[in-house]
Amino acid sequence: MNRALEILKERGFVQQCSDLEGLSNLMDEGPITFYIGTDPTGPSLHIGHMVPFFAMRHLRDSGHRGIALLGGGTARIGDPSGKTEMRKLISYEEIDANTERFIDQLDRFIHFDGVNALTANNKDWLSNLNYIEFLRDIGRHFSVNRMLSFESYRMRLETGLSFIEFNYQLLQSYDYLQLYKLHGCRLQIGGDDQWGNIVAGIELIRRVEGAECYGLTFPLVTTSDGKKMGKTEKGALFLDPEITSPYEFFQYFRNVPDSDVERFLLMFTFLPIDECRYLGSLKDKALNEAKERLAWEVTSLIHGEEEANKALSAAKAAFRGEGDASQLPTIEVEISRLDSGIGVLDLFVEAGLAPSKSEARRLVKQSGASVNGRKIENEMQILTSRDLENNALMLRAGKKRVARVVPKS
């Protein structure tokens, strides 16, 4: 097998391939061009989006040429794959703004040079399509029966599949055809929920151009306890630091289940494979240090070394009594309010450690709330400036979530 494919397989990326032997032979002949598509339907990428982009880095480092395709056109419809209901349609202006954010986020990770790693936007060829000509030239190659055989469409038939969504597979297939014509693209990679769309694109190119292209999908990553990877109590683990702080990002990986350490090191870092396996095999305190290494590596790749170091220092301050506590999630409260006294439930909600007072009350009743290391026993407790230690209140919810409250004059 081609070495680049071996690396992907050893690191846990390979789920399905349209023709693994054929793709391997093609890659042995020389560098190929491949692409990944992502629709800018939200304001930020999240860690689940990044699995194919980690694979993109591995392929590029092996000498291949990667294209990150932003779906400025397809985002106007929304991909039904993996969804139980139709996406909410957003304005074209929002899509364009999201596209710019996605490119900025990816550039920090991929480092687009316009040669071995570049971007494209399918708005360039989709936004002004002539619908009649598109149906004549492209739509005639698609079988409705074949489309309905794919899981992404089958599962939606029960809840309702709109006609606009039904067109999505045609448009994504057309993307592949355009990238083949423009850049000689021979491979599409993506999450396994894209399998049907990728296969449809391969078949379209074969019918229209008589060329053999390939598809490679990656597993949809879940944690060992069955949860969707990157899901937190606040929602997805976003790359935008204004939505998910680097500290919260770091803490997610620091607290992954023990059985996921090796797998996530292999997939979300570029540490050597042997080192990933060694770190994942450690036990007890040494495994916690391996989790810390995992968290630092991923945070460094996404947010930079400086932010990763700050997050590590904050974690040490929160859980070891060392490091820099100022890097912890912090809210400022008017000193006059603290002098007068603030209810502990209100403070936990304001600090983001509970979504509501009822949840904060439950936290107290379950002995999960503490301030400056002292457990809160009374949900009616009032905290004042007299409770400050080192000019701060250190709030803790359970074992893993902390926040600092500091006075503002």
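Scroll up for the structure.
Here we come to the environment of G66. For G66, the position within the fold is in strand 3 (residues 65-70). Spatially, the C-alpha atoms of G66 and T33 are 5.8 Å apart, while their sequence positions differ by 33 residues. For G66, the residues in contact, after removing those within four places along its chain, are F34, M56, N116, A117 and L118.

Once that is clear, we can look at the packing of helix 3 (residues 51-61) against helix 4 (residues 92-110). With their axes 11 Å apart at the nearest point, helix 3 and helix 4 run at an angle of 40 degrees to one another. The orientation of helix 3 with respect to helix 4, classified from their angle, is oblique. As helix 3 runs across helix 4, the sense of the crossing is right-handed. Contact residues: F53, F54, M56, R57 and R60 in helix 3; L106, F109 and I110 in helix 4. Each residue belonging to the contact of helix 3 with helix 4 can be placed in one class, and the counts come to six nonpolar, no polar and two charged.

Right, let's talk about empty space enclosed by the protein for a bit. Counted under the stated rule, the structure contains one cavity of 30 Å³ or more. A volume near 30 Å³ is recorded for the largest cavity. If you trace the largest cavity, you find it lined by Q105, R108, F109, L239 and I302. Looking at the lining of the largest cavity, the element that brings in the most residues is helix 4, giving three residues. For the lining of the largest cavity, the class distribution of residues is three nonpolar, one polar and one charged.

What counts, and at which threshold
Residues numbered from 1 in each chain as written. Predicted model: local features only at pLDDT ≥ 70, side-chain atom pairs only at ≥ 80, totals over all residues. Heavy atoms only, no water. Helix = DSSP H or I, 4+ residues; strand = E, 2+ residues; numbered from the N terminus. Contact = heavy atoms within 4.5 Å. Axes fitted to C-alpha atoms, helices over the stretch in contact; angles between N-to-C directions. Parallel < 35°, antiparallel > 145°, perpendicular 65-115°, else oblique. Left-handed = near helix turned anticlockwise from the far one by under 90°. Nonpolar A, V, L, I, M, F, W, Y, C, P; charged D, E, K, R; others polar. 1 Å grid on protein atoms, 1.4 Å probe; cavity = no way out; pocket = protein on both sides within 12 Å on 5 of 7 lines; lining within 4 Å. Points joined across faces, edges and corners; volume = space filled by probe spheres on them.

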